[in-house]
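Breakdown of the fold
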Amino acid sequence: MKLSIVIRCRNEAGGLTSVFQALRAQRCDFPWEVVVVDNESSDNTRQLCDEMGARIVPITTEEFTYGRALNLGIRHARGEFVLLLSAHAIPVGAQFLVNAVAPFDDPAVAAARCLMIGNPDQIAHWYQSRNISYRSSEEQRAAESGTKWLGEYPTAGCCVLRRSVWEANPFDEHLEANEDKLWASQVLSKGHAIRCCAEAVWMYTRRRSAAAERNRRLREHVSL
């Protein structure tokens, strides 16, 4: 299996409908699968997954953390590469999957972060693809001072990982947030590179309430 797509969700049938439609439109010459890590959904998530041919991996609310759900989904995945995708992340264009795995022709690349439409900071810096890598721990510490690096490292909302790198570096299962940023920092410290992939574009469709956005930022601040 070339690629596995891992999606974490809880009662996200509406979002999954759009994601599955975008995936059905993909044109590529390699096999791929969908693994949905479902946190006790009570809507028609399971029915949608059956229609798509996606495999469901259950996780209870008591067990759930963002990192644990990612690790669980990847353990059940069979692909050489793993696309982590939010139920609110819509791949744009029929060549998205092809473009998202292309950076892994370079064996130094551990992950590829895809470009989100609607984020002016990302578009301004990613109009040309580039690699993130460090020559020393001192260079990495300097780059990770402040918070700018959080916007450059992969987000579990839409990124691709090399499975063999994940096997040696699973996600932290205790953080409330930023488990994806910590993972990226750890693999960069071991000499891997991360590709900022401007050719694989996606859009985020969720609109959070003001209270939900404050709670999200608080979790991220505490984790940081």
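First, a word on what this report is: a plain description of the structure on this page. (Residues numbered from 1 in each chain as written. Predicted model: local features only at pLDDT ≥ 70, side-chain atom pairs only at ≥ 80, totals over all residues. Heavy atoms only, no water.)

**What to know about the overall build of the protein**
Helices and strands together make up the secondary structure of the protein, namely nine helices and nine strands. Among the 224 residues that make up the protein, the fraction classed as buried is 50%. Across the protein, every contact between residues at least 6 apart in sequence was considered, and the portion connecting residues at least 24 apart equals 76%. As displayed, the protein offers around 10,800 Å² of accessible surface, 50% of which is attributable to carbon and sulfur atoms. (Helix = DSSP H or I, 4+ residues; strand = E, 2+ residues; numbered from the N terminus. Buried < 20%, exposed > 50% of the residue type's maximum accessible area, 1.4 Å probe, protein only. Contact = heavy atoms within 4.5 Å. Areas by Shrake-Rupley, 256 points an atom, 1.4 Å probe, with all protein chains shown as cover.)

**Overview of the pairing of strand β3 (residues 55–58)**
With four bridges joining them, strand β2 (residues 32–38) and β3 adopt parallel strand pairing. The residue bridging Val35 from the neighbouring strand is Arg55, located in β3. Regarding the hand of the β-α-β motif, the stretch spanning β2, helix α2 (residues 45–52) and β3 is right-handed. (Pairing = 2+ DSSP bridges. Right-handed = clockwise from strand over helix to strand, strands pointing away.)

**What about helix α8 (residues 179–189)?**
For α8, the buried fraction is high: eight of the eleven residues fall into the buried class. Residues Glu179, Asp180, Lys181, Trp183, Ala184, Ser185, Val187 and Leu188 constitute the buried set of α8. Downstream of α8 by one or two residues, Gly191 has phi in the positive range, about 95 degrees.

**Some thoughts on the nonpolar core**
Residues Leu3, Ile5, Ile7, Phe20, Val34, Leu83 and Phe96 are the most contacted members of the largest nonpolar core, which totals 37 residues. Look past the residues within four positions of Ile5 in its chain and what remains in contact with it is Leu23, Trp32, Glu33, Val34, Val35, Leu83, Leu85 and Leu97. Ile74, Ala111, Tyr153 and Cys159 belong to the second largest nonpolar core, which has 31 residues in total. (Core = buried A, V, L, I, M, F, W, Y, C linked by side-chain atoms within 4.5 Å.)

**A closer look at the side chain of Asp38**
Relative to the helices and strands, Asp38 resides in strand β2. An unpaired buried charge is present at Asp38: no salt bridge exists, and Arg46, the closest side chain of opposite charge, is 4.4 Å distant. Of note is the side chain of Asp38, whose polar atom sits 2.4 Å from the side chain of Ser41. For Asp38, the contacting residues outside a window of four places in its chain are Cys9, Arg10, Thr45, Arg46, Ile56, Val57, Pro58 and Ile59. (Lys, Arg positive; Asp, Glu negative; His and termini not counted. Salt bridge = Lys/Arg side-chain N within 4 Å of Asp/Glu carboxyl O. Polar contact = N/O pair within 3.5 Å; in protein donor to acceptor, adjacent residues only side chain to side chain.)

**Quick notes on the packing of aromatic side chains**
For the structure shown, the criterion picks out five aromatic pairs. Taking the centre distance of 5.2 Å and the plane angle of 75 degrees together, the rings of Phe64 and Tyr66 count as edge-to-face. Given a relative accessible area of 25%, Phe64 falls into the partly exposed group. A relative accessible area of 33% means that Tyr66 is categorised as partly exposed. Here Trp202 and Tyr204 contribute two aromatic rings whose centre-to-centre distance is 6.3 Å and whose plane-to-plane angle is 85 degrees, an arrangement assigned as edge-to-face. (Phe/Tyr/Trp six-rings, centres within 6.5 Å; stacked < 30°, edge-to-face > 60°.)

**Re the environment of Gln140**
In this fold, Gln140 is placed in helix α6 (residues 137–143). Through-space distance from the C-alpha of Gln140 to that of Ser189 is 7.4 Å; in sequence the pair is 49 residues apart.

**Describing the environment of Ile117**
Residue placement: Ile117 occurs in strand β6 (residues 109–117). For Ile117, a relative accessible area of 43% puts it in the partly exposed group. With 84 residues separating them in the primary sequence, Ile117 and Val201 have C-alpha atoms 6.7 Å apart. For Ile117, the contacting residues outside a window of four places in its chain are Val92, Val201, Trp202 and Met203.

**Thoughts on the pattern of salt bridges**
The full count for this structure, using the stated rule, is eight salt bridges. Note that Arg8 is salt-bridged to Glu179, the shortest N-O span being 3.5 Å. With a gap of 171 residues between them, Arg8 in strand β1 (residues 3–9) and Glu179 in helix α8 connect regions that are remote in the sequence. For the salt bridge of Glu33 with Arg78, the shortest nitrogen-to-oxygen distance reads 2.7 Å. Residue Glu33 is found in strand β2, and its partner Arg78 is found in the loop between α3 (66–76) and β4 (81–86); the two are separated by 45 residues along the sequence. When its relative accessible area of 53% is taken as the criterion, Arg78 is described as exposed. In this structure, a network of salt bridges that share partners links the residues Glu33, Arg55 and Arg78.

**With respect to the state of the cysteines**
Enumeration over the complete set of coordinates arrives at zero disulfides. Looking at Cys9, it has no disulfide partner, and the nearest cysteine sulfur is the one in Cys49, 6.1 Å off. By relative accessible area, which is 7% here, Cys9 ends up buried. Looking at Cys197, it has no disulfide partner, and the nearest cysteine sulfur is the one in Cys114, 5.7 Å off. Cys197 sits in the buried class, given a relative accessible area of 1%. (Disulfide = S-S within 2.5 Å.)

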